[in-house]
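Structural overview
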Amino acid sequence: MTIYLPIAELPVSVFSIFLMGLAVGFISGMFGVGGGFLMTPLLIFSGVPPAYAVASVSPYMAASSLSGALSYLRKGMVDLPLAGMLLAGALIGTLAGVFLFLWLRTVGQVDLFIRIAYTVLLGFIGTIMLLESMRAILRGRRGQPPLVRRPGPHAWFMRLPLKMRFRRSRIYISVLPVIAMGAVVGLLGAALGVGGGFILVPALIYMLRVPTQTSVGTSLVLTLVTMAAATVLHAEANRTVDAVLALILMLGGTVGAQFGARAGQTVRAEHLRLLLGLLVLAVGLRVASDLVATPADPYAVTAVEAQP
Amino acid sequence: MTRAGGAAPRSAGCGRALPIAVRALVALAVAALAGPGGAFAMDAVAAAPERLVLSISQPEVRITSSFDGADLVVFGVAPDGGDFDVVVTVRGPAEEFATWRKSRVMGLWVNTESRRFLDVPAFLSVQSNRPMERIAGPDVLRSEQAGLARNVLVQRVGTDFSDVVQSDPFRVAFLRIRQAEGLYRENEAGVSFLAPDVFRSDFAIPGTAPIGRYTVNAKVFRDGRMTAHAATEFTVKKTGFEQNVAQFSQDHGWLYGCLVALGSLFIGFGANILFRRE
């Protein structure tokens, strides 16, 4: 069964789009990532033009992250003050990211910059998570108690002024690194076109030492707000949000996110970190292989959008 | 009317196009018999020396939510009869495309070169009754744009605009990729004769076909020369729900965005309630 997308102007198979929403929604709910870095390439692969794919994924991410965030919220695994501080930083970062993107476009080779930045970032984060979680799992196997938080003094950036207590996360740290972290995520999100959850979750876990599940829940809240805003901005600025496509994705995504969130809350934290590390690394390798491997066809045709 | 009567059974195999086909053929036969002075409003232009009349099965292709492409038929009558060949070209709305070429820079595959194709049809189908090389010589085929590779595809060359040689690698790649996407087609057995002077050409437009006005051009060749040509057109447009949604998103970007965002929150909330397990 196919349905015609009124804005993207092509027919798609309802069933396969629904399944994509379901699968990515599961991953989104489990790891607290928006899933845009998986969904956008999947849609482009199914024939949806990139501009429409990127824009229509935003409302989908808003829906599935709300669905996931609510179930974390009910379990007390969301740190709202922390989310608020991150959001304040993300706002600054997003503005800076838009300008960075515009500047890169004038220099040229935006595409190359994005691919290299992706590869480095994903490879770096993925490797760190993989190593750390494997060590944690091995320690558990040897019967040693898991090191939930490392002993010793806080890192220098946590001892900066303007300290604040984030009770849910069980940390008492300066808000400056939190805002900076939000800004970096916002910057990368705007410049690379991703929600930033896969950067934020590891950063919260390893740099601020927020418990794994609380990091996931808090990251979902941040994704929810930024993606709802992105939907409105894309709809106004580019007119590329396809409501029908978003609706099918959402129906699958919200259901998938429910099962994902449930799975994420039951899996042991170090296993969750290992899986997320593997996922991040796999996406990084995929992007890298596109850069390094000889393409099947060195030529590609793209439609040049008429400038309004 | 004998012509139409005799031809209709042969087109019986064409499924849903049948009633339209019969009607179109009757109209064509009447128009052909009535001659150039006939009062029939056909949307075709008869060339001066030899007449050629065209009719399309559907002047409008309406896109609904279940749209997945459409099958169209163009009928033509060349009252002069005799031995002739036909090339039918369907061109969709013009768009601009870029063809990129990747090459290796410091071990990485990077888009290094590109060519802009300006105002080239977003859909292009060329059909003939037999291999085009046998219909006419290369010069005639080229000047009449008979064949996919012989269509004029204007590129931006520096500050100028021009078509390039057919063997140009960017041009070849462009045609190849558009064909793989199903938006450019060539069929050298796509025109059939229903009677010595009546031909039909079936063509399909895919679901991904662009919205807009399409032109259908038919050319008659005799002894390797183009002796008559005619054109008709049809439009592909969204209707009903599809049209309303698209129009609303164009006219009220902010409102549309807010509604979609609110809807997404509503669905996310709903799913959570639905799956709540206390």
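Remember, it's a predicted structure, so these values are computed and weren't measured experimentally.

A tally of regular secondary structure across chain B gives 7 helices and 14 strands. Taken over 278 residues, chain B has a buried fraction of 46%. In chain B, 66% of the contacts between residues at least 6 apart in sequence involve partners at least 24 apart. Taken as a whole, chain B presents about 13300 Å² of accessible surface, with 57% of it coming from carbon and sulfur.

This model, assessed by the stated rule, comprises 10 aromatic pairs over all chains. Geometrically, the ring pair formed by A:Y299 and B:F170 is edge-to-face, given 5.4 Å between the ring centres and 90° between the ring planes. Residue A:Y299 is found in strand β5 (residues 299–303), and its partner B:F170 is found in helix α5 (residues 169–180); the two belong to separate chains. Like A:Y299, the residue B:F170 is buried in the burial classification.

Here we take up the interface of chain B and chain A. How big an interface is tends to be expressed through the accessible area that disappears when the partners come together. With 57 residues of chain B in contact, the opposing surface of chain A contributes 53 residues. Carbon and sulfur atoms supply 64% of the area buried between chain B and chain A, which totals about 4600 Å² over both sides. Considering only the surface of chain B that becomes buried against chain A, B:W109, B:N272 and B:F275 emerge as the three largest contributors, covering 14% of it. On inspection of chain B and its partner chain A, the count reaches 2 salt bridges. The residue A:E9 makes a salt bridge to B:K238 at a minimum N-O spacing of 2.8 Å. Where chain B meets chain A, there are 20 residue pairs in polar contact (both at pLDDT 80 or more). At the level of elements, β5 (94–105), β6 (108–121), α5, α6 (240–251) and α7 (253–274) of chain B are the ones that each hand at least two residues to the side of chain B that touches chain A. At 14 residues, the largest contribution of residues to the side of chain B that touches chain A is made by α7(B). Sheet topology note: the β5(A)/β5(B) ladder contains 5 bridges and is antiparallel. Bridge pairing in β5(B) links A:Y299 to B:R101.

What follows concerns the environment of B:G69. Residue and element names in this part refer to chain B. Mapped onto the secondary structure, G69 falls in the loop between β2 (60–63) and β3 (70–77). With 199 residues separating them along the chain, G69 and G268 place their C-alpha atoms 33 Å apart. Apart from the residues lying within four places of it in its own chain, the contact partners of G69 are I205, P206 and G207.

So, on to the packing of helix α7 (residues 197–206) of chain A against helix α8 (residues 212–237) of chain A. All names here are of chain A. Axis separation between α7 and α8 bottoms out at 9 Å; the angle between their running directions is 145°. At the point where α7 passes α8, the crossing takes the right-handed sense. The segment α7 lies against α8, with G197, L200, V201, L204 and I205 engaging T212, S215, V216, S219 and L222. Classifying every residue of the contact of α7 with α8 by side-chain character gives 6 nonpolar, 4 polar and no charged.

Here α7(B) contains 22 residues, and its C-alpha end-to-end distance of 31 Å stays within 8% of the 32 Å for a straight helix at 1.5 Å per residue. What α7(B) keeps buried is the set B:G253, B:Y256, B:G257, B:V260, B:A261, B:S264, B:I267, B:G268, B:A271 and B:N272. Take α7(B) and look down its axis: the buried residues cluster within an arc of 145°, on one side only. Seen from the buried face of α7(B), the exposed residues on the opposite side, beyond 90 degrees, are B:L262, B:F266 and B:L274. Lining the buried residues of α7(B) we find α3 (50–74), α8 and α9 (243–266) of chain A together with α6 of chain B.

The subject of this paragraph is the pattern of salt bridges. Residue and element names in this part refer to chain B. Counted by the stated rule, this structure contains 19 salt bridges over all chains. In this structure, the salt-bridge partner of R213 is E233, at a minimum N-O distance of 3.4 Å. Here R213 is found in strand β13 (residues 212–222), whereas its partner E233 is found in strand β14 (residues 225–238), with 20 residues between them in sequence. With a relative accessible area of 35%, E233 lands in the partly exposed category. Taken together, the salt bridges that share partners define one network made up of E60, R62 and K237.

Turning our attention to the sheet that holds strand β12 (residues 198–205) of chain B. To summarise the sheet geometry, strands pair through backbone hydrogen bonds and adopt either a parallel or an antiparallel arrangement. All names here are of chain B. In space, the 4 strands of this open sheet follow the order β1-β3-β12-β11, with antiparallel pairing throughout. Each edge of the open sheet is held by one strand with a lone partner, namely β1 (53–56) and β11 (191–195). For this sheet, the mean angle separating the axes of adjacent strands, direction not counted, is 25°.

Okay, the sheet that holds β13(B) next. Residue and element names in this part refer to chain B. Pairing within the open sheet is mixed, and its 6 strands lie in the order β2-β14-β13-β4-β7-β10. The outermost strands of the open sheet, each flanked by one partner alone, are β2 and β10 (184–187). Within this sheet the neighbouring strands show an average axis-to-axis angle of 15°, counted without direction. Bridge analysis of strand β4 (residues 85–91) against β13 gives 7 bridges, and the strand direction is antiparallel. Paired with V90 across the two strands is V216, which belongs to β13.

The next thing to look at is the confidence of the model for chain B. Residues and elements named next belong to chain B. A residue-level look at chain B finds 82% of positions with pLDDT of 70 or above and a mean pLDDT of 82. Note on residues 1–18: pLDDT under 50 across the span, and 22 contacts to partners over four residues away in sequence or across chains. Considering only residues more than four positions removed or in separate chains, one finds that residues 33–47, a stretch of pLDDT under 50, has 23 contacts. For this predicted complex, the interface confidence comes out at an ipTM of 0.80, alongside a pTM of 0.77.

In this structure, A:I17, A:F37, A:M39, A:L43 and A:L276 are the most contacted members of the largest nonpolar core, which totals 62 residues. Among the elements that take part in this core, α3(A) stands out by supplying 9 residues, more than any other. Listed in part, the 53 residues of the second largest apolar core include B:F84, B:V191, B:A209 and B:A230.

Calculation rules
- Residues numbered from 1 in each chain as written.
- Chains lettered and ligands numbered in written order.
- Predicted model: local features only at pLDDT ≥ 70, side-chain atom pairs only at ≥ 80, totals over all residues.
- Heavy atoms only, no water.
- Helix = DSSP H or I, 4+ residues; strand = E, 2+ residues; numbered from the N terminus.
- Buried < 20%, exposed > 50% of the residue type's maximum accessible area, 1.4 Å probe, protein only.
- Contact = heavy atoms within 4.5 Å.
- Areas by Shrake-Rupley, 256 points an atom, 1.4 Å probe, with all protein chains shown as cover.
- Phe/Tyr/Trp six-rings, centres within 6.5 Å; stacked < 30°, edge-to-face > 60°.
- Buried area = accessible area lost by both parts, 1.4 Å probe.
- Salt bridge = Lys/Arg side-chain N within 4 Å of Asp/Glu carboxyl O.
- Polar contact = N/O pair within 3.5 Å; in protein donor to acceptor, adjacent residues only side chain to side chain.
- Pairing = 2+ DSSP bridges.
- Axes fitted to C-alpha atoms, helices over the stretch in contact; angles between N-to-C directions.
- Left-handed = near helix turned anticlockwise from the far one by under 90°.
- Nonpolar A, V, L, I, M, F, W, Y, C, P; charged D, E, K, R; others polar.
- Expected span 1.5 Å × (residues − 1).
- Arc of directions from axis to C-beta.
- pLDDT = per-residue confidence, 0-100.
- Core = buried A, V, L, I, M, F, W, Y, C linked by side-chain atoms within 4.5 Å.

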